[in-house]
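# Chains, contacts and geometry: an overview
Below, each chain spelled out in residue letters.
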Amino acid sequence: TQDRYEALRSVSDSVVMEVWWDSGRAKRRSYLSELLDIVNGTGRRISAVLQLRYEDLRPGEGPPGAICWPADTDKQGREWLVPISPCVRGTLDRILAERPGIGAACLFPSPTDQTRPIAYERVRTWLQRAERLAGVPKQRGSLWHAFRRKWATERKHLSAADVARAGGWSSVETLQRCYQQPDEATMLRVVLGAGELREKRV
C-alpha cells in the first residue's frame, strides 16, 4: 500500500552502507530511498532497477524524461522506452547530482566494486531493516515484488494495454491475472458507478 511505502520511505535515509571505493572504506547513506522511489514509481522488477546504467536514462525524452529499460536486463528480453513520473525524475536528478556518471557505469554500483551492480541480497537486507525501523509487519511471501503488484493495482482504472506496456508486462493477461488485485475502493466504485440497463423502447 501507499501507507507502507510512506512508512518505509520515512526511515530509508537512515539505512547506511559501507563502501570500499578509492582508498579505504567509508559509511554512506544506502541506495534504499532511491530504490523505493523508482520501484514504487515505475512498477519495475527490482532486478531490472538494480542493473540500470547511466546510459539508460533519457532526461530529455518528453517533459518528465524517460527510462530505456534494456533488453539484456528484461525478463522477456525486450527493450522498453517508458516515460517517468515527476517523482521518479526528481529521484534520478538527485542521483545525478550526488553520483554523476556516464555511459555503461552502474547507477547503483556495488559497495565493493563500482564496475558491478549491487547485489539483490544486499538491498533485500536494507528493506528488511527499514521494515523493522518503521515498525511495519512483514508481508507473507513478498518483499520487493509487492511494489510491482501495488503499482499495477493502482492503475486498474486505466487502459490495461498501456499499463502493461509502461510496467513491462508482455501480456495484458499476465498483468490482470497475477498482479492487479481487488481492493475495497475500486469495488465500491464498481458498485456505485453502474448505469442502468433498460429495455429498448420501440
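The structure this text deals with has already been given above.
Below, the structure is looked at part by part. (Residues numbered from 1 in each chain as written. Predicted model: local features only at pLDDT ≥ 70, side-chain atom pairs only at ≥ 80, totals over all residues. Heavy atoms only, no water.)

Approximately 400 Å³ is the volume found for the largest pocket. Along the wall of the largest pocket there are 18 residues; nearest its centre are Thr1, Ala146, Arg149, Lys150 and Thr153. Elements that contribute at least two residues to the lining of the largest pocket include exactly helix 1 (2-11), helix 6 (145-153) and helix 9 (184-192). With five residues, the top contributor of residues to the lining of the largest pocket is helix 6. Taken as a whole, the second largest pocket encloses approximately 300 Å³ of empty space. Lining the second largest pocket are 19 residues, and of these Gly41, Pro83, Trp151, Arg155 and Ala166 sit closest to its centre. Looking at the lining of the second largest pocket, the elements that each hand over two or more residues are helix 2 (32-42), strand 5 (80-83), helix 4 (86-98) and helix 7 (160-167). (1 Å grid on protein atoms, 1.4 Å probe; cavity = no way out; pocket = protein on both sides within 12 Å on 5 of 7 lines; lining within 4 Å. Points joined across faces, edges and corners; volume = space filled by probe spheres on them. Helix = DSSP H or I, 4+ residues; strand = E, 2+ residues; numbered from the N terminus.)

Take the packing of aromatic side chains next. For any pair of aromatic rings, the description consists of the separation of the ring centres together with the inter-plane angle of the planes. Per the stated rule, a full pass over the model turns up five aromatic pairs. Here the aromatic rings of Trp144 and Phe147 are separated by 6.0 Å at their centres, their planes lie at 45 degrees, and the arrangement is tilted. On the basis of relative accessible area, Trp144 is assigned to the buried category, the value being 2%. Accessibility expressed as a relative area gives 6% for Phe147, which makes it buried. One aromatic cluster is present, built from ring pairs that chain together Tyr31, Phe108 and Trp126. Positioned above the aromatic ring of Trp169 is the side chain of Arg148, whose terminal nitrogen or guanidinium carbon lies 3.8 Å from the ring centre. Looking at Arg148, its charged tip hangs above the ring of Tyr179, at a distance of 5.3 Å from the centre. (Phe/Tyr/Trp six-rings, centres within 6.5 Å; stacked < 30°, edge-to-face > 60°. Buried < 20%, exposed > 50% of the residue type's maximum accessible area, 1.4 Å probe, protein only. Lys NZ or Arg CZ within 6 Å of the ring centre and 35° of its normal.)

Any two packed helices are characterised by the angle at which their axes cross and by the distance between the axes. In contact at an axis separation of 7 Å, helix 2 and helix 6 are set at 40 degrees when each is read in the N-to-C sense. Facing helix 2, whose interface residues are Leu36, Val39, Asn40, Gly41 and Thr42, helix 6 presents Phe147, Lys150 and Trp151. Looking at the contact of helix 2 with helix 6 residue by residue, the class counts come to four nonpolar, three polar and one charged. (Axes fitted to C-alpha atoms, helices over the stretch in contact; angles between N-to-C directions. Contact = heavy atoms within 4.5 Å. Nonpolar A, V, L, I, M, F, W, Y, C, P; charged D, E, K, R; others polar.)

Along the chain, Asp37 falls in helix 2. A residue is classified by how much of its surface remains accessible, and Asp37, at 5% relative accessible area, is buried. Counting along the chain gives 102 residues from Asp37 to Gln139, while the straight-line C-alpha distance between them is 19 Å. With residues up to four places along the chain from it excluded, the contact list for Asp37 reads Tyr5, Arg9, Val88, Thr91 and Arg94.

Here four bridges tie strand 1 (residues 16-19) to strand 2 (residues 26-29), and the two strands are oriented antiparallel to one another. Bridge assignment links Val19 to a residue of strand 2, and that residue is Ala26. With antiparallel pairing between neighbouring strands as the criterion, strand 1 and strand 2 make up a hairpin whose turn holds six residues, including Asp22 at a positive phi of roughly 55 degrees. (Pairing = 2+ DSSP bridges.)

Let us look at the sheet that holds strand 4 (residues 66-69). Spatially, the three strands line up as an open sheet ordered 3-4-5, and their pairing is antiparallel. Each end of this open sheet is capped by a strand with a single partner; those strands are strand 3 (57-58) and strand 5. With two bridges connecting them, strand 3 and strand 4 associate as antiparallel partners. Bridge pairing links Leu57 to Ile67 in strand 4.

Attention now goes to empty space enclosed by the protein. Over the atoms rolls a probe the size of a water molecule, and its path tells where empty space is left. Under the definition given, this model contains two cavities of 30 Å³ or more. What the largest cavity holds in volume is close to 70 Å³. Contributing to the lining of the largest cavity are Arg44, Arg45, Ser47, Ala48, Trp69, Pro70, Thr73, Asp74, Lys75, Arg148 and Gly167. Its residues assigned to classes, the lining of the largest cavity shows three nonpolar, three polar and five charged. Size it by volume and the second largest cavity reaches roughly 50 Å³. Around the second largest cavity, the lining residues are Leu57, Arg58, Pro59, Gly65, Ala66, Ile84, Arg89, Leu92, Asp93 and Leu96. Of all the secondary-structure elements, those providing two or more residues to the lining of the second largest cavity are strand 3 and helix 4. Across the lining of the second largest cavity, the residue classes tally to six nonpolar, one polar and three charged.

By themselves these figures say nothing about function.
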